[in-house]
Amino acid sequence: MKTGSLIIFLSIIFCFIAIPAMASVEVGHVNIKPSGDLESGKSNVTADLQMSFISVGGETFPSDESISLKTELENPVWTYSIILDGVENPRPAVSKKQLDLSGWELSYENVDESVKVNLKGMAPKVDSSRQIEVVSVNVATPGGRVKETVKNVTAFVTNPGELKGDITSVKESYSKLEKDIAQNKADGIDVSKAEAKAKEALNSLNSAAGASYSNAQVYIKNANTFIKDAYSMLDMGVSQKAINEVKEAIDKTDEWINYFKTEKEMGSDPRLAPIITKREFAAEDASDAKELFDAGKYTDARKKAEEAYQKANEVFEATQELQTEVESAPKGPELPDISGIIPYIVGIIVVAIVGFILYRVMKNRGGKGGGKGGGGGGSFGSRDKPRKKSTVHQYDELF
């Protein structure tokens, strides 16, 4: 025999030696009543099942192993019968969480064997709703260790108080939503989309009140989702209004900045520089808010728009403070408005100038014959020595 063939032959022999003859256990449908969710500490539960054995090597079940049936029901009562070739053999009822069927009790040769089991109990009390093990069928080793789980049937046990608390919590959230919608509506915000979502949330809440636990949980989850969506719709309206208010505040600020630059000629005034800088920051936040709004991120858009509005409002107030400061600055004396009488003043000045010129001309003409006569008046110039009286007529020089 070739080496390869020998190895294959020995491997086959080893497999037959290493794997002992054993029985196969099958469990059909397990009928649980009531079906669906169980109520904590109140639901009476029954479970019916049947195990069948497929013998290997003539033995229905290994005598050194056992079958272990377990449950988490309270006050369990097991009743079972071993059926051999169609003949039912009832066994005494057992009131334990675990029913053990020994291999010695189940081990037969060349017999059609099955076991019919009935379990009665009550759903356990749970603080938090959870899955429990109604019944499990396991094959155990001689030491009692579970070697194989053949069947495991569970049920969901609900705590009505927990469900009631969930519904109450959602109702409180819905009540707050109603107030917020009313407040936003009073502030002039479009709340139609938020109102539509709130209506869906209320419908889900009403449905949850009369539903089973699992269905109620779905309705509660839906209600929470609708409430969240409603707030998103509110944020959309609030952010839109805030963005509009920011734009209005920035536009007013721009008007004042332009006024200071042009009317007041304050373009280089250091008091105007920080106002312009703050205005740019507000405009940047407003632009970010608009981008978030366009992307459908209404909650983030609302927060950014509120930040932008606060900055825009602050910078607008700064323009008003600067205006007050400019207006309260000391001013020089105000000259009367003489624009209406300027032509008359000019005429008077012209007449005065002409008159003065004529006067000077006439005076110069008269001064040519009286230049020496002026000295005659000098007789009042000295009181110490009066002048000797002249024999010539005192006016002869004028002629």
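These numbers come from a predicted model, not from an experiment.

Asker: So what exactly am I meant to see when it comes to the pairing of strand E11 (residues 146-158) here?
Answerer: The side chains of a regular strand alternate, first on one face of the sheet and then on the other. Looking at chain direction, strand E3 (residues 38-39) and E11 are connected through two bridges and run parallel. Bridge pairing in E11 places Leu38 opposite Val157.

Asker: Would you take a moment to explain a nonpolar patch on the surface for this structure?
Answerer: Together, Ile341, Ile345, Ile349, Ile353, Phe356, Ile357 and Tyr359 make up a nonpolar patch on the protein surface, roughly 680 Å² of accessible area in all. Summarising the element assignment, Phe356 is placed in helix H8 (residues 342-367). Overall, Phe356 belongs to the exposed group, its relative accessible area being 52%.

Asker: Would you explain the sheet that holds strand E5 (residues 66-70) in this entry?
Answerer: Picture the strands of a sheet paired through backbone hydrogen bonds; they go either parallel or antiparallel. Spatial ordering of the open sheet is given by E3-E11-E10-E5-E8, a layout of five strands whose pairing is mixed. The open sheet has two free edges, formed respectively by E3 and strand E8 (98-102), since each of these has just one partner strand. Looking at chain direction, strand E10 (residues 130-140) and E11 are connected through 10 bridges and run antiparallel. Across the sheet, Val135 pairs through a bridge with Val153, a residue of E11.

Asker: What should I look at first to understand helix H7 (residues 298-327) in this one?
Answerer: The end-to-end C-alpha separation of H7 is 43 Å, in line with the 44 Å expected for 30 residues at 1.5 Å each. For H7, the full list of buried residues reads Tyr298, Ala301, Arg302, Ala305, Ala308, Ala312, Val315, Ala318, Thr319, Leu322, Gln323 and Val326. The inward-facing, buried residues of H7 contact helix H5 (213-262) and helix H6 (273-294).

Asker: How should I be thinking about the nonpolar core in this particular structure?
Answerer: Burial of nonpolar side chains together is a common tendency in soluble globular proteins. Ranked by size, the top nonpolar core spans 34 residues in total, and within it Met51, Ile67, Leu101 and Val115 carry the most contacts. Elements represented by at least two residues in this core include exactly strand E1 (24-27), strand E4 (44-54), E5, strand E6 (74-84), E8, strand E9 (113-122), E10 and E11. Those residues in contact with Met51 that sit more than four places away from it in its chain are Val25, Glu26, Val27, Ile67, Leu101, Ser114, Val115, Val117 and Val137. One finds Ile181, Ile189, Ala194 and Ala230 within the second-largest nonpolar core, a separate group that totals 31 residues.

Asker: Is there a simple way to think about the packing of aromatic side chains in this case?
Answerer: Pairs of aromatic rings are described using the distance from one ring centre to the other and the angle between the two planes. Applying the stated criterion across every chain, the model contains six aromatic pairs. When the centroid spacing of 5.9 Å and the interplanar angle of 75° are considered together, the rings of Phe53 and Phe61 count as edge-to-face. Taking 5.5 Å as the distance between ring centres and 85° as the angle between the ring planes, the aromatic pair formed by Trp256 and Tyr259 counts as edge-to-face. Here Tyr259 and Trp256 lie together in helix H5, a separation of three residues that amounts to about one turn. By relative accessible area, which is 24% here, Tyr259 ends up partly exposed. What links up through ring pairs into an aromatic cluster is the set Trp256, Tyr259 and Phe260. It is Lys252 that lies over the ring of Phe316; its NZ or CZ is 5.9 Å from the centre.

Rules behind the numbers
- Residues numbered from 1 in each chain as written.
- Predicted model: local features only at pLDDT ≥ 70, side-chain atom pairs only at ≥ 80, totals over all residues.
- Heavy atoms only, no water.
- Pairing = 2+ DSSP bridges.
- Helix = DSSP H or I, 4+ residues; strand = E, 2+ residues; numbered from the N terminus.
- Patch = residues over 30% accessible without salt bridge, like charges linked within 9 Å, V, L, I, M, F, W, Y side chains within 5 Å.
- Areas by Shrake-Rupley, 256 points an atom, 1.4 Å probe, with all protein chains shown as cover.
- Salt bridge = Lys/Arg side-chain N within 4 Å of Asp/Glu carboxyl O.
- Buried < 20%, exposed > 50% of the residue type's maximum accessible area, 1.4 Å probe, protein only.
- Expected span 1.5 Å × (residues − 1).
- Contact = heavy atoms within 4.5 Å.
- Core = buried A, V, L, I, M, F, W, Y, C linked by side-chain atoms within 4.5 Å.
- Phe/Tyr/Trp six-rings, centres within 6.5 Å; stacked < 30°, edge-to-face > 60°.
- Lys NZ or Arg CZ within 6 Å of the ring centre and 35° of its normal.

Fair warning: the whole summary comes from geometry, so function is off the table for now.
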